[in-house]
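# Breakdown of the fold
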Number of protein chains: 2
Amino acid sequence: MSKFTITPRTRLRRLHKRGAFDHATVHAIIDEGYVCHVGARMADRQMVQPTIHWRDADTLYIHGSSKNGFFAALERGEEACVTITHFDGLVLARSAFHHSVNYRCAMIFGKARKVTDDTEKMAALEGLIERIAPGRWNEIRQPDAQELKATTVLAFVIDEVSAKVRNGPPVDDAEDYALPVWAGVVPFELRSGAPITDPGPE
Amino acid sequence: MSKFTITPRTRLRRLHKRGAFDHATVHAIIDEGYVCHVGARMADRQMVQPTIHWRDADTLYIHGSSKNGFFAALERGEEACVTITHFDGLVLARSAFHHSVNYRCAMIFGKARKVTDDTEKMAALEGLIERIAPGRWNEIRQPDAQELKATTVLAFVIDEVSAKVRNGPPVDDAEDYALPVWAGVVPFELRSGAPITDPGPE
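These numbers come from a predicted model, not from an experiment. (Residues numbered from 1 in each chain as written. Chains lettered and ligands numbered in written order. Predicted model: local features only at pLDDT ≥ 70, side-chain atom pairs only at ≥ 80, totals over all residues. Heavy atoms only, no water.)

With that settled, the discussion passes to the relation of the copies chain B and chain A. By a simple turn and slide, chain B fits onto chain A: the slide is 0.0 Å along the axis, the RMSD is 0.0 Å, and the turn is 180 degrees. Both copies are brought into coincidence by an operation consistent with a two-fold rotation axis. For chain B, the smallest separation between a C-alpha atom and the rotation axis is recorded for Leu190 of chain B, amounting to 2.1 Å. (Least-squares fit on C-alpha atoms with pLDDT ≥ 70 in both.)

On to the environment of Glu160 of chain A, then. Residue and element names in this part refer to chain A. Relative to the helices and strands, Glu160 is located in the loop between β8 (151-157) and β9 (161-166). In sequence terms Glu160 and Ala145 are 15 residues apart; their C-alpha atoms lie 34 Å from each other. The contacts of Glu160, once residues within four sequence positions are left out, are Thr7, Arg9, Thr10, Met107, Ile108 and Phe109. (Helix = DSSP H or I, 4+ residues; strand = E, 2+ residues; numbered from the N terminus. Contact = heavy atoms within 4.5 Å.)

Take helix α3 (residues 118-132) of chain A next. For α3 of chain A, with 15 residues, the first-to-last C-alpha span of 21 Å sits near the 21 Å given by 1.5 Å per residue. Along α3 of chain A, the residues that are buried comprise Lys121, Ala124, Leu125, Leu128, Ile129 and Ile132 of chain A. One side of α3 of chain A holds all its buried residues, which, seen down the axis, span an arc of 140 degrees. Where α3 of chain A is buried, its residues meet β3 (45-56), β4 (59-65), α4 (145-149) and β8 of chain A together with β5 (80-92) of chain B. One side-chain oxygen at the N-terminal end of α3 of chain A lies 3.2 Å from the backbone nitrogen of Thr119 of chain A; it belongs to Asp117 of chain A. (Expected span 1.5 Å × (residues − 1). Buried < 20%, exposed > 50% of the residue type's maximum accessible area, 1.4 Å probe, protein only. Arc of directions from axis to C-beta. Polar contact = N/O pair within 3.5 Å; in protein donor to acceptor, adjacent residues only side chain to side chain.)

Mapped onto the fold, Arg41 of chain A is located in strand β2 (residues 35-42). The side chain of Arg41 of chain A sits in the buried core without any salt bridge; Glu78 of chain B is the nearest counter-charge, 5.0 Å away. (Lys, Arg positive; Asp, Glu negative; His and termini not counted. Salt bridge = Lys/Arg side-chain N within 4 Å of Asp/Glu carboxyl O.)

Here we come to the pattern of salt bridges. If charged atoms from side chains of opposite charge come close, those side chains can pair. One pass over the full model with this rule turns up 24 salt bridges over all chains. Note that Arg104 of chain A is salt-bridged to Glu32 of chain A, the shortest N-O span being 2.8 Å. Of this pair, Arg104 of chain A sits in strand β6 (residues 100-110) while Glu32 of chain A sits in helix α1 (residues 23-32), and the two are 72 residues apart along the sequence. When its relative accessible area of 45% is taken as the criterion, Glu32 of chain A is described as partly exposed. Between Arg191 of chain A and Glu189 of chain A there is a salt bridge; the shortest N-O distance is 3.3 Å. In this structure, a network of salt bridges that share partners links the residues Arg141, Asp144 and Glu147 of chain A together with Asp173 and Asp176 of chain B.

Laid out in structure tokens, this is it:
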């Protein structure tokens, strides 16, 4: 099993059993998600911005308007953390203390690289569209020069990364199992619904 | 309609039409979510950590182990941003450029206050359990002194906050509406499933 190298930034201080560093687990968490949360400093502010992400091998891409001030901060080399989280369920224990959440999350540390080469940029945008709807890139109008210029694509190398996973039932203290209260998991899932056709203008 | 005051940190630089500052919209976005993403610096690192959150009036609470290093950084007064995001759908336009995401998000800026008063702490934890499962607090074993000590509760005042919302169909360039490609929205929703009873130990 191939694994990511654990660094001072990705080593878990507590709950080591929840840690996951193998490529397959980390990539699966990233690929299942549509929206990541990107954190970085921006002037006087701490920001955490949600945005759509996609992956190509060991590169995580995000994109935005070339006028996006937060992206400009990332381009300038602010240290960033990109987190992808799946909320899988509420864990209802017999004691308040052992209530928990089932989840899977991946945290990627590093600095963004601005994609300046138009060929890579176009390939990355194709990757986004194909990730959303396979086969769609060749059906739609692809970006023209002006649209390409108006779009910033940022890349993060997925190498300094950790994942955490909690699943399964609650774990109560031995003496609490006898308490007369329901305990278990309420699972949650992100599901897609029936597509809604755009009637178009007017 | 009561509104939050717009500050330099919450003023939207672009896409003003997506901004929302009224209390009802912001509170609804916060209350519908289970998991927020908290961003702050922690020593040499930028962190974005997912965690469960809940609200009482204009206070947002999060909690964690008293040994959590990231929480310790927040306690020391690191500037933080707490973002709650709902991913509502993929917006498939006729041009690559106008593809988008339907979402609702709230971003809260500020510093955490550690809840040190045990009465407030206990009331906050009751608020968490009741938010997850109304009526449950009086059915379960409530935290004892040791568990209370092992738990850190942090509070953020919800005052410097902004929300962004995008919904509805794609908005394409006029000349693209004639393109022979399906366009519309694929809605997504976080749904709970049938509860899974914990069989208990062994």
